[in-house]
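Residue-level structural notes
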Amino acid sequence: MTRTPRRKVIWALATSLAVLLAGCSSGDDSSSGGNASPEALDAALDKGGTITYWSWTPSGKEQSAAFEKEYPNVNVEFVNVGTGEDHYTALQNAIKAGRGGPDVTQIEYRALPQFALQESLVDLTGYGFENLEDDYTASTWESVHVGDGIYGLPQDSGPMALFYNKEVFTQYGIAVPKTWDDYVAAAQKLHAADPTKYIASDAGDPGFTTSLIWQAGGRPFKTEGDRDVTVNLQDEGTKKWTAVWNKLVEGKLVTNITGWTDEWYRALGDGTIATVTAGAWMPGILMESVQAASGKWAVAPLPTYDGGEPVTAEHGGSTQSVLKQSDNPDLAAAFVRWLNNDQASLDVFLESGGFPATTADLESSEFRDFSSPYFGGQKINEVLTTAATQVSSGWEYLPYQLYAETIFYDTAGQAYVNNTDLDAGLRAWQDTLVEYGNQQGFSVNQG
Amino acid sequence: MASTTGRPRDSRRRLDQRGWIFVAPFAIVFALTFLAPIGYAVQLSLFQDQAFFGGTAFVGLDNYVLLFSDTRFWSGFLRVMIFLAVQVPIMLVLALVAALAIDSARLHAAGFFRIVIFLPYAVPAVVATLMWGYMYGTNFGLAADLNDLFGSEIRPLSLDWALASIGNIVTWEFVGYNMIIFYSGLRVISGELYEAAALDGAGPFRTIFSIKLPALRGAIVIATIFSIIGSFQLFNEPNILRGLIPNVLTTDYTPNMYAFYLSFGGQQYNYAATVAIVMGVITAVIAYVVQLRGARKGT
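Residues numbered from 1 in each chain as written. Chains lettered and ligands numbered in written order. Predicted model: local features only at pLDDT ≥ 70, side-chain atom pairs only at ≥ 80, totals over all residues. Heavy atoms only, no water.

Time to look at the UniProt feature "transmembrane region" (unreviewed entry) in chain B. All names here are of chain B. Taking the numbering used here, the UniProt-annotated feature "transmembrane region" (unreviewed entry) corresponds to residues 20-42, 76-100, 112-135, 215-235 and 269-290. When the span residues 20-42 is considered, its composition is 100% helix and 0% strand, and the gap between its end C-alpha atoms is 27 Å. Taken end to end, residues 269-290 has its terminal C-alpha atoms 31 Å apart, with 100% of it in helix and 0% in strand. (UniProt positions renumbered as here; feature names shortened; annotations may be inferred. Helix = DSSP H or I, 4+ residues; strand = E, 2+ residues; numbered from the N terminus.)

This part takes up the interface of chain A and chain B. Taken together, the contacts link 48 residues of chain A with 39 residues of chain B. Regarding the contact of chain A and chain B, the summed buried area is about 3700 Å², with carbon and sulfur atoms giving 58% of it. The interface formed by chain A and chain B contains two salt bridges. Here Asp49 of chain B ties to Lys96 of chain A by a salt bridge, and the two come within 3.8 Å at their closest N and O atoms. Inspection of the region where chain A meets chain B yields 13 residue pairs in polar contact (both at pLDDT 80 or more). Of all elements in the fold, only α1 (15-23), α4 (85-97), α11 (262-269), α18 (401-408), α19 (413-418) and α20 (422-439) of chain A reach the threshold of two or more residues within the side of chain A that touches chain B. Partitioning the side of chain A that touches chain B into residue classes produces 20 nonpolar, 19 polar and nine charged. (Contact = heavy atoms within 4.5 Å. Buried area = accessible area lost by both parts, 1.4 Å probe. Salt bridge = Lys/Arg side-chain N within 4 Å of Asp/Glu carboxyl O. Polar contact = N/O pair within 3.5 Å; in protein donor to acceptor, adjacent residues only side chain to side chain. Nonpolar A, V, L, I, M, F, W, Y, C, P; charged D, E, K, R; others polar.)

Residue and element names in this part refer to chain B. Taken domain by domain, chain B holds domain 1 (2-45) and domain 2 (65-298). Centre-to-centre, using C-alpha coordinates, domain 1 lies 36 Å away from domain 2. Between domain 1 and domain 2, the contact holds four residues from the first and five residues from the second. Considering only the surface of domain 1 that becomes buried against domain 2, Ala41, Leu44 and Ser45 emerge as the three largest contributors, covering 90% of it. (Domains from an automatic or database assignment.)

Here we come to α18 of chain A. Among the eight residues that make up α18 of chain A, eight are buried, leaving the element largely enclosed by the rest of the structure. Along α18 of chain A, the residues that are buried comprise Gln401, Leu402, Tyr403, Ala404, Glu405, Thr406, Ile407 and Phe408 of chain A. (Buried < 20%, exposed > 50% of the residue type's maximum accessible area, 1.4 Å probe, protein only.)

Attention now goes to the confidence of the model for chain B. If pLDDT is low for a region, its predicted coordinates should not be looked at in detail. Of all residues in chain B, 93% attain a pLDDT of 70 or more, and the chain-wide mean is 90. The low-confidence segment residues 1-6 of chain B, where pLDDT is below 50, has zero contacts with residues more than four positions distant or belonging to other chains. (pLDDT = per-residue confidence, 0-100.)

Residue and element names in this part refer to chain A. Considering the arrangement of structural elements, one finds Glu119 in the loop between α5 (112-117) and α6 (138-143). A residue is classified by how much of its surface remains accessible, and Glu119, at 45% relative accessible area, is partly exposed. Residues Glu119 and Ile95 lie 24 residues apart in sequence; the distance between their C-alpha atoms is 10.0 Å. Once you skip the residues sitting within four places of it in the chain, Glu119 turns out to touch Asp226 and Lys324.

To continue, consider helix α2 (residues 38-47) of chain A. All names here are of chain A. Listed in full, the buried residues belonging to α2 are Ala40, Leu41, Ala44 and Leu45. For α2, the arc enclosing every buried residue in end-on projection is 135°, short of the 170-degree limit, so these residues lie on one face. For α2, exposure combined with an orientation more than 90 degrees from the buried face picks out Glu39, Asp46 and Lys47. Check the buried side of α2 and you find it contacts α3 (60-70), β2 (74-79) and α13 (329-341). Taken from the residues just after α2, Gly48 is the one with a positive phi, measuring 80°. (Arc of directions from axis to C-beta.)

Let's shift gears to the domain arrangement of chain A. Residue and element names in this part refer to chain A. Taken as a whole, chain A is organised into domain 1 (11-157 + 318-363) and domain 2 (161-313 + 393-446). Look at where the C-alpha atoms of domain 1 and domain 2 centre, and you get two points 29 Å apart. The contact between domain 1 and domain 2 buries some 1100 Å² in all, and 59% of this surface belongs to carbon and sulfur atoms. The largest share of the area that domain 1 buries against domain 2 comes from Arg110, Gln114 and Leu117, three residues that together contribute 50% of it. The tally of links from domain 1 across to domain 2 stands at one salt bridge. Arg110 is the partner of Glu405 in a salt bridge, and the nearest nitrogen-oxygen pair spans 2.5 Å.

Right, dumping it as C-alpha cells:
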C-alpha cells in the first residue's frame, strides 16, 4: 500500500521551491546521539516538545494524532511533502541546506543506505532498538541495518507474490505456474490463444527488476565500509533471471504498459494483463484502483526456478528514521519506537490496509484468516504472511540507489523499448553506475 | 565654445548621480534576482562537489571541457534543435493564418474563434500534458480508438513518435498565444493603408503580402525569439509524459531535463550548473542573431 507509485507525474512542480532551497547550502553538521539510552526515550516523552514527521503513509496523520493523545506533552507536526521522488528531493534539499528537515522521516528500504551513508540519519542502536529484533520479520530487520548501525524501525513489508487473474487463467486453461519455466509457457499459451492478452506488463521498472534478481539469488550490489562498492549485474543470480525474462521481453510475450498509469490500471481490470508480480501491498492497490476486476484476482506464491522450496524477495516497504539535524533526537526516536512498535499505532496502520513487518501481527489468526471479498473470498494473507518468512537473505541496495533507479530507464530501459537482450541493458546500467559512483568519491569495483 | 561645453557636462554629471537613486530599487532587485543567481551558477560550475562525502574541489573549466565531449548533452541539444526547426515554423504559420483570418473581417464570430484558439494557452502545461498523455494512450486512449477506426498503427508514445507528439502538445498550447501577438500587430495597422491599397486595386492576398506581413515583421521576430527560447527550454511536456514512457523520454531527452536530473536526481549540482550556463549562452546567441537579422531586413 505504501509502495511508491514510481513516477508521480507532477513532481516537476516542486522544483522551483527546491531550487531556492538548494541555494541556501551550508555545512552545519551537528552530530548527536552520544548519550543515547532507552531511558532517554522515556524521559523525552515525559518532557514533551514538538517534532516534525514527513511521510506519505496513508495512516501517518492518524497515527500522529493517536500519539499526541497518548502523550499530550508532545506535539507532532505531520507533513506529507510528496510521494517517493518528491519526498526525497525535499529531504535531500533540507539535508544539503543543513536545516528545514523533519525530525522523523519515512524512507523506503531501497533509499535507506543512501541517507545512512551520507551520515544524515541517527544510528538508533544506543536507544535499545537492537533488542527489538524479534518483533520484526528477518528480511525487514535486515533492511533497516546499514553496516553495523540500525537506522530505523520497519513500518511495513512487501514480500513478493504472484497475483493472477483467475478468470483469464480458467478461460484459457492455464494452471498457476509453479516455476518460472511454467510461467513462460503460460505466457506463450495465453498470448497465442488471444494476441490482445499478455501474461504481464513490464515496461522496465528498477524496483521490480532488482526484486526479481533478489529472488533469483543475485546480489549485484555490495558495500563495504563507507566507500567500497561492488556492482556486478552479471552474477549468477542475475543471469538466472535474465535467462527467463529475456524470453518474455525479446519474445514480446509481455506488454509494455508503464506501471501506475491509468492505462495500466485499466489493463489490470479488463484482463489484458493476466498476472502481476508484486509485494504484499498489491491487494490494496487492486482494491482501490482496479475495482472493475473485483472477484477475479487471486494470489499464489511466487514461481521458483527449480520448483523446490519457495523463496521470495522484498518489493518496496518503508522505515521511519531520525534525522541527525533534529534538535530533539531523543523525542524523535521515542516517536519512531511508538510508531512501529506500539500496538496502538500498529492497529491504526493495519486498519488502513497496510501490510505489517511485525511478526506478532503477521502471525495473528485474525490477520491470517481474513477472507477478502475482492479476491473471491480467498484468504490472501495466508499466502502473503507465509511469503514474509521465505525472503532470501543478504540483499543490499546501492548507497546511491535513488539516482541509480533514475538512470535505469536510460540504460536498461532501452532493452524493454527495443525488445533486446536484458543482459546488455544491465551491463549498460552497470557502466553508468560505476562511473557515477567513482565520480562521487566511492571506490567502485565490478565484481 | 569652451565655456558652453563645460556647463552641460557638469550638470549631466550631477544628473547621473541623482539618477542612481531612481534606478536603485530596480538595480537592487535586478542584482538579487538576476545577477546573483547567475553568479552563483557560474561559481558552482567551477567546482566539483562530492555530495556523499562533502568534499569540494576547485576544478576550473573542467566541467566545461567535460560537457563539450558529453554525447548525452549534445544528443539532447540536437533533439531540441530538430524540435525548433520543425515545430516552431508549423506553430508560427498556424498562428499567422489564424490571426489573418480573424483580422480579415470575413469570419463570422471572430471573437469566439479568437477566444477558442487562445484558450489552450490558459490551460496549465501540466494539465494539458496529462490530458494529451491520456489521449495518446494506445491501449485505451483516443489513439487506440482512432487506430481501431482507421486500422492504423500509430503509437504516439513510441520511440519514433514521441518527439512529434510533444511538438503537437506544444503547438496546441502556444498557437493561440502567438496568434494574439500577431493579431495585435495587425490591429495597429492604419486603416488609411488599406484604403490606399483598395484604391490601387489590391485584392485581399495582395493586401496580405504587401501591407500586413511587412507590418508584422517585428511581431514575427519577437514570436520567433520567444519560440526559440521555449524550444531550448523544453521541459514540462517531456518530463510529465515521462511518467508514461520513462524508457523513451530518458533523463537526457532535453538539455533542461538533463540538468534537472543531474542536480535533483544525482546531486551533481556543479555539472548541472554548467549545462544550464552553456544552454543559456547558446540560447542568448541564437536569439540575438535572429533579432539582428530581423531588424536588418526590416529597414
